[in-house]
Amino acid sequence: MMLSLKNISKKYDDTTILEDISFTCEKGDIVGLIGSSGSGKTTLLRIISGLETPDSGTIKLNNEMVNDKLLCKSPEKRDCSLVFQDFALFPNMTISDNIFFGKGSIKNNELIQELIKFCDLENLLDRYPHEISGGEQQRVALVRALSINPSLLLLDEPLSHLDNDLKQNIRNELIKIFEKVKTTTLFVSHDIEDAMTMANKVVVLKDGLVEQKGSPSDIYSRPLNRYVAKLFGKTNIVAASHAPKSYHRFFDEFLNEDAVSIRPHQIELVTSKSLKYKTAIDGKIISKKFYGSFQEIIVKSEELSLAIHLEPERKIKIGDKIKFCMDL
Amino acid sequence: MEIKHVKNELLFKTNSWTFIAILIGLIIFLPISEVFIQLFNPSESWPHLKKTVFSTYLINTIVLTIGTGLLSTLIGVFCAWVIACCEFPLKKFFEWALILPLAIPTYVSAYAYFDILELSNPILIWVRENINLEAMQSLNSFFVYFFTILVLSSVLYPYIYLLARASFLKQGNQLIEAGLSLGHNINEIFWKIALPMARPAVFAGLSLVIMETLNDYGAVKHFGIPTFTSGIFRTWLGMGDMSGALKLAAYLMLLILILLLIEKKARSRARYHENSGSNKPFKKIILSRKKSIVTIALCSIPFLFGFLIPVFRLSLWAFISQDVIRNISLLSLVKNSLFLSVAVSLLTVVLALLLVFSAKYFQSKLTSFTNRFAILGYSVPGAVIAMGILLLSAQINKIYVDIILTGSLLILIFAFITRFFAVAWQPIDSGMEKNCKNINDASRSLGIPAIFSLIKVNIPLIKNTLITASILVFIDSMKELPLTLILRPFNFNTLSTATFDLSSQAQIVESSIPALCIIMIVAIPLISLNLKGKNKLQ
C-alpha cells in the first residue's frame, strides 16, 4: 500500500475541517479527491504532505509511518511532493534552476531530462517563470515535483485556474504524464470531469467527511446519497417507488424514503408507436433550455418533476403533452 | 491555545530554528519585562514621588500627547489628502518636501526654536500690566504647552502624512465616483468615505506620533515641561534613585499599554473599511487657481516650520561657530554615530529576518507569539528600555561578577535592537507574507533544507524589503537620544548626545553643527526611500 490514512481529523478553532478521514491508495493509483470548496480537500492534501498537522489519526506513506500520536514527519523528510495550485515557482530562478532545485534532483538527471523533453520544456529552460504561459508553468511545476522522484505525487487543483479550452489540453497532457511516470498520484479538484477522466479512484469529501469512495463509473451510476449523485452531474432524485426496476437505491433524508438517481439522459420520450407506450407516464413540458449539444426540458407529471435531456434537433415547445419512461 | 495545539507546537514544530528564534525573541523582550515587573515591586522612594510629582508627570504627559496627536493628525491628514487626491502646481515638490521634517529629531527642532517662547513675551507683559500676575502665569504655562506641541508636531506629522497618503492612494476612485454619482460633493466624500476608510492608517500614524512624543526627552527638557520621560532622567541621573526611576518607567509602560489597547480597538473596528477600493489610480481633482494658492500656502507651513526654518537657523549658527568643530572632534562623533547606527541596523535586520523566517517557514505559532513580544520595544520609550537594561545588567553582574555589562557598547547595541526591532520586523514580516508563503511550502515539499531556502529563495525575493528595513532602522538609530544618553559607554559620544550635551550647557549655537550632521545623514536615505516609493508604512 502506498498511502493509508486512518481517522484523520482536523479542527481550526471550533470549525471542523476534517473528521475521521480514512482511505488508502495502492501503488500506481491515480486518486481524485473531489469536493466543493470548503470541503477540506486542500487541507487534507497539506496534511498528507506534512505542511499541516492533523489533530488525530495516522498516515502511512510507502509503508512508513509519517503521522501518528507522537510523530509528525516534517515535509522535507516525506517521500512525497506537492504541486501547488498557483504552482509556487521560484520567481528569482530560471526554469532549469527551478526544476533542479529539489533535494537530490541531480541524481535523477536522466528521468528529468526525459520529462523535460516529454513536456516540451527544452526551449524554456533559460527563461524565468513570469516569461512563460500558464500551461507551461503548470508543466514546469509538475516536472519540478517529479524531479525528486517521489513515491507519491500530490496535486492541488491542477486545472482550476485554466480556461476551458486549455483545460482539455492540459488534462490530456497530465494523463499522458501520469501514464509515463507511473507515480502514485493524489489530486484535489472540485471539477467532476477531472475525476472522471483522470482518476481510477475517487474519494468524495463533503464538510470534512468522506461521502463515498470507489471508481468514477461506479460512483456515477451508484451514488450513495443525494449529494454525491448531484456532484457527479445533473440528475433527478426520485422516490424508489417510481422506478421499481432500478436496483441501486439509497435512503434519502430529504424524501425520507429510499430513492434512486436518474440522469436526464436516462429518461426517454415515447411515441405511440413504441412498445413502452402503455406503461409510459404522462407529463407536460413546463420549461425548455437550449445548451447547444442538447436541450433540457423540465417535465411535470402528476407526482414528479423531472429534467430530461433531448437531442438538439427535436422540435418541442412549452405546454406540449408528452409521455416518457425511465430507462434503467 | 488548546492543549492539542501546544502538543503540536512542542512535538512537531520545535526545531533548532524555532528554538533559537523563540529564545532571541524572549531575550529582546527581557528589558521591557524587567520594567513591567517593577509595577508590583515595592520601592522606598515611590510614596514620596507619588505624592509630589506623579500627577504632574501624568497630566503633562497626557496633555502633550493629546495636543501633539491632534495637531499632527490635522496637518498630516490635510497634506495627505491634497497630495494624494488633488492636482496643483508644485505638488511634486511638496510630495517629498513634506516628508523632510522626519529627518529632524524632536530635540533638534526644539533647539532650533529655543527662543520661540519669547514670542509670547509682549502678550504676557501686556496681561501682567493690564490684568494680574496670576493670569500671566497661567497664560504663560499655556504658551509653554502650545509651543512645545507646535514644535513636536512640526516634525512628527510626517508619520501620519505618509500612512494616510498611502491609504488615500490605495482607495482608488471607484468609491469616490460612486459618491459623486450619488450627488455628494468632494467635501462630503472626504468626510463620509475617504477619511473613514483611511482611519486605520491614520490611527497607525497617530500611534507612531504618540510613541515619539512619549519618547522625547530633549524637547520637553528644553521647554521645561516635566513628563514621565524627563522624570525618569531626573530621578535616575539627577537623584540617583534607581528604584524610583524604575517605578516611573513601569507606570509609563502601563500608560502605553492602555494606549495600545485603545489603538487596537479603534483599528479592529475600522478594519472593515480597508481595501475595499479598486486598484485603479485615483483620478486627481484639479484645483482652481484660487484654491491652488491656498493649498500651496497651507502645505508650505509644515514644510517651513518643520524643516526649512530649523535647517536655515542651524546652518546660520553653524556658519558663525565654525571654529567649534575642532573642539568637539566632529569626525569621531560622525564615526561613532555611523558605526552605531550601521551596526544596529544590520544586526536588527538579520535578527528580524531570522525570527520572521523561523515563524513563517515552520508555521510555528509559538514563534509568532514570541515575535509579538519582541516587537513591543518600539512602543516603549528609550528611557524605559534603558532602565530595564540597567536593571538586567545589574542582575547579570550579581551572578557573573566578571562581566561588566553596564556602560559597554555591546549593551548599548542590544538596547537599540530592543527598541527598534519592530521597525525591521514589520516590513520583513509583511514582505515575506506577500512574497514567500507558497514558495516556502514548495521548497519544503521538495525536501530542501531551510537554510538553502532562506539564502536562495527568501533573501533574493525580499531583498528590497531588507534594504528598506535596514534604512529605516538606520534613520531611527541616528536620531535616537534617550537610550544613548543613559547607556553610552564612558567617553563615547554620538552626534545626538553631543547635540544634547552642548545645548544643555547653553551652547545652543554650537550644538547646531552635530545637529545639522544628523539632519544631513538622515535626509539622504529618507529621500531615497521616498523615491523608491518605500516608507515606514510598508
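Note that the coordinates shown come from a computational prediction; the quantities given were computed from them, not determined experimentally.

## Looking at the side chain of Glu-76 of chain A
And then number 1: Take Glu-76 of chain A: it is sitting in the loop between β6 (71-72) and β7 (80-83).
And then number 2: Side chain to side chain, Glu-76 of chain A and Arg-444 of chain B meet in a polar contact 3.2 Å long.

## So, the sheet that holds β7 of chain A
As a general point, the strands of a sheet are linked pairwise by backbone hydrogen bonds and lie either parallel or antiparallel.
All names here are of chain A.
And then number 1: Taken in spatial order, the six strands make up an open sheet running β7-β8-β9-β3-β10-β11, and their pairing is mixed. Two strands lie at the open edges of the sheet, namely β7 and β11 (209-214), each paired on one side alone. Neighbour-to-neighbour, the strand axes of the sheet open up by a mean angle of 15°, direction not taken into account.
And then number 2: Here four bridges tie β7 to strand β8 (residues 152-156), and the two strands are oriented parallel to one another. Bridge pairing links Val-83 to Leu-155 in β8.
And then number 3: Sheet contacts for helix α4 (residues 134-146): β7 and β8; angle to β7, the most-contacted strand, approximately 170°.

## Some points on the interface of chain B and chain A
And then number 1: Taken together, the contact between chain B and chain A spans 27 residues of the former and 32 residues of the latter.
And then number 2: Taken together, the two surfaces of chain B and chain A that pack against each other cover about 2400 Å², and 58% of this comes from carbon and sulfur.
And then number 3: Across the contact surface, chain B and chain A share two salt bridges.
And then number 4: With a shortest N-O distance of 2.9 Å, Asp-441 of chain B and Arg-46 of chain A are connected by a salt bridge.
And then number 5: Remark: the boundary between chain B and chain A carries six residue pairs in polar contact (both at pLDDT 80 or more).
And then number 6: Only α1 (3-12), α20 (437-445) and α21 (450-461) of chain B provide two or more residues apiece to the side of chain B that touches chain A.
And then number 7: Here the side of chain B that touches chain A takes seven residues from α20 of chain B, the largest share from any one element.
And then number 8: Per-class residue counts for the side of chain B that touches chain A are 13 nonpolar, seven polar and seven charged.

## Remarks on the domain arrangement of chain A
And then number 1: Per the domain assignment, the segments making up chain A are domain 1 (3-221) and domain 2 (234-328).
And then number 2: On a C-alpha basis, the centres of domain 1 of chain A and domain 2 of chain A stand 39 Å from each other.

## Examining helix α12 (residues 228-238) of chain B
And then number 1: For α12 of chain B, the set of buried residues is Phe-228, Thr-229, Ser-230, Gly-231, Ile-232, Phe-233 and Thr-235 of chain B.
And then number 2: Looking one or two places after α12 of chain B, you find Gly-240 of chain B, whose phi comes out positive at around 65°.

## Some thoughts on the sheet that holds strand β12 (residues 236-239) of chain A
Residue and element names in this part refer to chain A.
And then number 1: Spatial strand order, β12-β14-β13: three strands in an open sheet with antiparallel pairing. Edge strands, defined here as strands with exactly one partner in the open sheet, are β12 and β13 (250-252). Neighbour to neighbour, the strand axes of the sheet diverge by 55° on average, direction disregarded.
And then number 2: Pairing between β12 and strand β14 (residues 257-262): four bridges, direction antiparallel.

What counts and how
Residues numbered from 1 in each chain as written. Chains lettered and ligands numbered in written order. Predicted model: local features only at pLDDT ≥ 70, side-chain atom pairs only at ≥ 80, totals over all residues. Heavy atoms only, no water. Helix = DSSP H or I, 4+ residues; strand = E, 2+ residues; numbered from the N terminus. Polar contact = N/O pair within 3.5 Å; in protein donor to acceptor, adjacent residues only side chain to side chain. Pairing = 2+ DSSP bridges. Axes fitted to C-alpha atoms, helices over the stretch in contact; angles between N-to-C directions. Contact = heavy atoms within 4.5 Å. Buried area = accessible area lost by both parts, 1.4 Å probe. Salt bridge = Lys/Arg side-chain N within 4 Å of Asp/Glu carboxyl O. Nonpolar A, V, L, I, M, F, W, Y, C, P; charged D, E, K, R; others polar. Domains from an automatic or database assignment. Buried < 20%, exposed > 50% of the residue type's maximum accessible area, 1.4 Å probe, protein only.

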